[in-house]
Amino acid sequence: MTVSVIVTTYNWPEALKLTLQSLLNQSRLPDEVIVADDGSKEPTAHTVKEFAKHAPFSVIHSWQEDDGFRLAMSRNRAVAQAEGEYIIVIDGDLILHPRFVEDHLKHAAPKRYLQGGRVLLGPEISQKIFNGSIDPQGLSIFSPDLKNRKNALWSPLLSALFCTTSQSLKAIKGCNFSLFKKDILDVNGFDNAFIGWGREDSEFVARLYHNGIRRKNLKFCAVAYHLYHPENERAALVENDRRLKTTLKDQKVRCEDGIERFIQQAKVRV
């Protein structure tokens, strides 16, 4: 099975570099990496180009014009270019456990949405990682300044016991999830109408549920460490909540404006 990893980013090349580096250290390398860039400036493009020179897999820089927070559209553009049968989506401020990709593929199945968690790194350890005084590949449950330490425990035995299924929209996290590309296309991907932070992930997953997708929560596997940053501005949350409620009320499966508009666009590889 071929796998594409989508990495979302916006004007934080220092964090993106760490995320991309952690993808090089995977026990199961992705077949391609697509950076879904929501309008970053030149330093991000430079980071992707430099990474692509030495990466042992295909690298695509999927860029769109900076016109506000358009994460849903950015993801659609990236997934439309993906050649992998299976899609893993992460944020470009995560440092991945070496078994991250392997863990997602171990639990992958058609009509299944995998929801992973994250370990929240505090500002102190994040700064030390950026300045090079802490090796990001050495992160573990014993590292200092972790906000939810239990999420850093990687254990196949505990994972087998505690990975559960649900159909809840609680704790949907767009920073760490995966599913087959076909299942994304069947619901027309993310809704491009979502502008501003919030609920684009939940609305997407709601439509997956309406189309018969089952959710599996990954515990004690697919570990990802989230670098500290201030929270995003949330002025659009009221409108985005309204869109989510409409999808739930109408039992919508497909959005009107989604990934289909990008499917036929030419691929541009770095």
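As shown above, the structure is provided for reference.
This section reports on the structure supplied with the text. In this text the structure is predicted, and so the values were computed from the model without any measurement.

## Some remarks on the sheet that holds strand β7 (residues 119–120)
Inference 1: One open sheet accounts for three strands, arranged β5-β11-β7; its pairing is mixed. The open sheet is flanked by β5 (94–96) and β7, the only strands paired with a single partner.
Inference 2: Bridge count for β7 against strand β11 (residues 224–226) is two bridges, and the pairing is parallel. Bridge pairing links leucine 120 to histidine 226 in β11.

## Quick word on the sheet that holds strand β6 (residues 112–115)
Inference 1: Across the sheet, eight strands lie side by side as β3-β2-β1-β4-β9-β6-β10-β8; this open sheet has mixed pairing. Looking at which strands have only one partner, the edges of the open sheet turn out to be β3 (58–63) and β8 (164–166). On average, each strand axis in the sheet is inclined to that of its neighbour by 20°, with strand direction left out of account.
Inference 2: The pairing of strand β2 (residues 32–37) with β3 spans six bridges and is parallel. Its bridge partner lying in β3, aspartate 37 is registered against tryptophan 63.
Inference 3: Here helix α2 (residues 42–54) sits on the sheet in contact with β1 (3–9), β2 and β3, set at roughly 165° to β3.
Inference 4: Packing against the sheet, helix α3 (residues 71–81) makes contact with β1, β2, β3, β4 (86–91) and β9 (176–180), and its axis sits at approximately 155° to β2.

Reading guide: rules and limits
- Residues numbered from 1 in each chain as written.
- Predicted model: local features only at pLDDT ≥ 70, side-chain atom pairs only at ≥ 80, totals over all residues.
- Heavy atoms only, no water.
- Pairing = 2+ DSSP bridges.
- Helix = DSSP H or I, 4+ residues; strand = E, 2+ residues; numbered from the N terminus.
- Axes fitted to C-alpha atoms, helices over the stretch in contact; angles between N-to-C directions.
- Contact = heavy atoms within 4.5 Å.

In short, the description is geometric, and any link to function would need to be established separately.
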